[in-house]
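Residues per chain are reported as follows:
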Amino acid sequence: MKKPLLDLAYEYVSEQEQQSKFQDIWEYCVKEAGLNEEQAAEKISLFYTNLMLDGRFVTLGENEWDLRSRHKFEKVHIDMSEVYSDVETADDDVEEVEEEEEYNKPFKEKKEKDDDEDDDDSLEDEEEEEDEEEDETEF
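Residues numbered from 1 in each chain as written. Predicted model: local features only at pLDDT ≥ 70, side-chain atom pairs only at ≥ 80, totals over all residues. Heavy atoms only, no water.

Chemist: Explain the overall build of the chain here, please?
Modeler: When helices and strands are counted, the chain shows six helices and three strands. Overall, the chain shows an N-to-C arrangement of helices and strands of α-β-α-α-β-β-α-α-α. Here the chain, with 139 residues, has 19% of them falling under the buried criterion. Expressed as a percentage of contacts within the chain between residues at least 6 apart in sequence, the contacts between residues at least 24 apart total 49%. Per element, the accessible surface of the chain, about 11,600 Å² overall, is 47% carbon and sulfur. (Helix = DSSP H or I, 4+ residues; strand = E, 2+ residues; numbered from the N terminus. Buried < 20%, exposed > 50% of the residue type's maximum accessible area, 1.4 Å probe, protein only. Contact = heavy atoms within 4.5 Å. Areas by Shrake-Rupley, 256 points an atom, 1.4 Å probe, with all protein chains shown as cover.)

If you want it as structure tokens, here you go:
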């Protein structure tokens, strides 16, 4: 029974004392799985994607990989807010924002109108209080 490529990768990386280059991991998997060049060429991109998604592995930059269990959370955690702040807004995103603003426009206008009325009411209340104070001082 053949082992899945990711299990072969796990086996290889587990045996290494230090992090491993992707190319070394891939060569080991190809050899152990008995893949020919054509099969290897067809599978390498899917293997890389699966390696990225497999929680047992972590990329350490420079195409170096290791087991996640060997590293502290702080070292291998990616703060996604930093990633998203660097991403430029795509045209589709701009269109979505514009559509959302257009949809929310009537609600926003109503809220602004209500806020203005509240401000007017508070001004009237202040004026009434001032008038009352003036009336009191006259006596």
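Chemist: Explain the sheet that holds strand S2 (residues 57–59) to me, please; I cannot follow it from the model alone.
Modeler: Hydrogen bonds between backbone atoms are what pair the strands of a sheet, whose relative direction is either parallel or antiparallel. Taking strand neighbours across the sheet as the criterion, the three strands line up as S1-S3-S2 in an open arrangement whose pairing is antiparallel. Bordering the open sheet on either side are strand S1 (20–21) and S2, each of which pairs with just one other strand. Bridge count for S2 against strand S3 (residues 64–67) is three bridges, and the pairing is antiparallel. The residue bridging Thr59 from the neighbouring strand is Trp65, located in S3. (Pairing = 2+ DSSP bridges.)

Chemist: What should I look at first to understand a nonpolar patch on the surface in this one?
Modeler: A surface patch of nonpolar side chains, amounting to about 320 Å² of accessible area, comprises Tyr48, Met52 and Leu53. Here Met52 is to be found in helix H3 (residues 37–53). (Patch = residues over 30% accessible without salt bridge, like charges linked within 9 Å, V, L, I, M, F, W, Y side chains within 5 Å. Salt bridge = Lys/Arg side-chain N within 4 Å of Asp/Glu carboxyl O.)

Chemist: How should the packing of aromatic side chains be read in this particular structure?
Modeler: Evaluated as defined, the whole model comprises six aromatic pairs. Judged by centre distance (6.2 Å) and plane angle (80 degrees), the ring pair of Tyr10 and Phe57 falls under edge-to-face. Taken together, the residues span a long stretch of sequence, with Tyr10 in helix H1 (residues 5–15) and Phe57 in strand S2 at a distance of 47 residues. Take Tyr10: its relative accessible area is 32%, and that puts it in the partly exposed class. Through pairs of rings, three or more aromatic residues link up here, namely Phe22, Trp26, Phe47, Tyr48 and Trp65. (Phe/Tyr/Trp six-rings, centres within 6.5 Å; stacked < 30°, edge-to-face > 60°.)

Chemist: Where do I start with a negative patch on the surface in this structure?
Modeler: A surface patch of like charges, here negative, comprises Asp93, Glu95, Glu96, Glu98, Glu99, Glu100, Glu101 and Glu102. Mapped onto the fold, Glu101 is located in helix H6 (residues 91–138). Take Glu101: its relative accessible area is 54%, and that puts it in the exposed class. (Lys, Arg positive; Asp, Glu negative; His and termini not counted. Charge placed at Lys NZ, Arg CZ, Asp CG, Glu CD.)

Chemist: How should the packing of H1 against H3 be read in this particular structure?
Modeler: Packed helices, taken two at a time, are described by the angle their axes make and the gap between the axes. Relative orientation of the contacting elements H1 and H3 amounts to 65 degrees, with a least axis distance of 10 Å. Our pair here, H1 against H3, has a crossing hand that is right-handed. The residues of H3 that touch H1, namely those facing Leu5, Leu6 and Ala9, are Lys43, Phe47, Asn50 and Leu51. (Axes fitted to C-alpha atoms, helices over the stretch in contact; angles between N-to-C directions. Left-handed = near helix turned anticlockwise from the far one by under 90°.)

Chemist: What is the right way to look at the environment of Glu32 in this model?
Modeler: With respect to the secondary-structure elements, Glu32 resides in helix H2 (residues 22–33). You can call Glu32 partly exposed: its relative accessible area is 41%. For the pair Glu32 and Lys3, spaced 29 residues apart in the sequence, the C-alpha separation amounts to 8.8 Å.

These results come straight from atomic positions and should not be treated as a statement about function.
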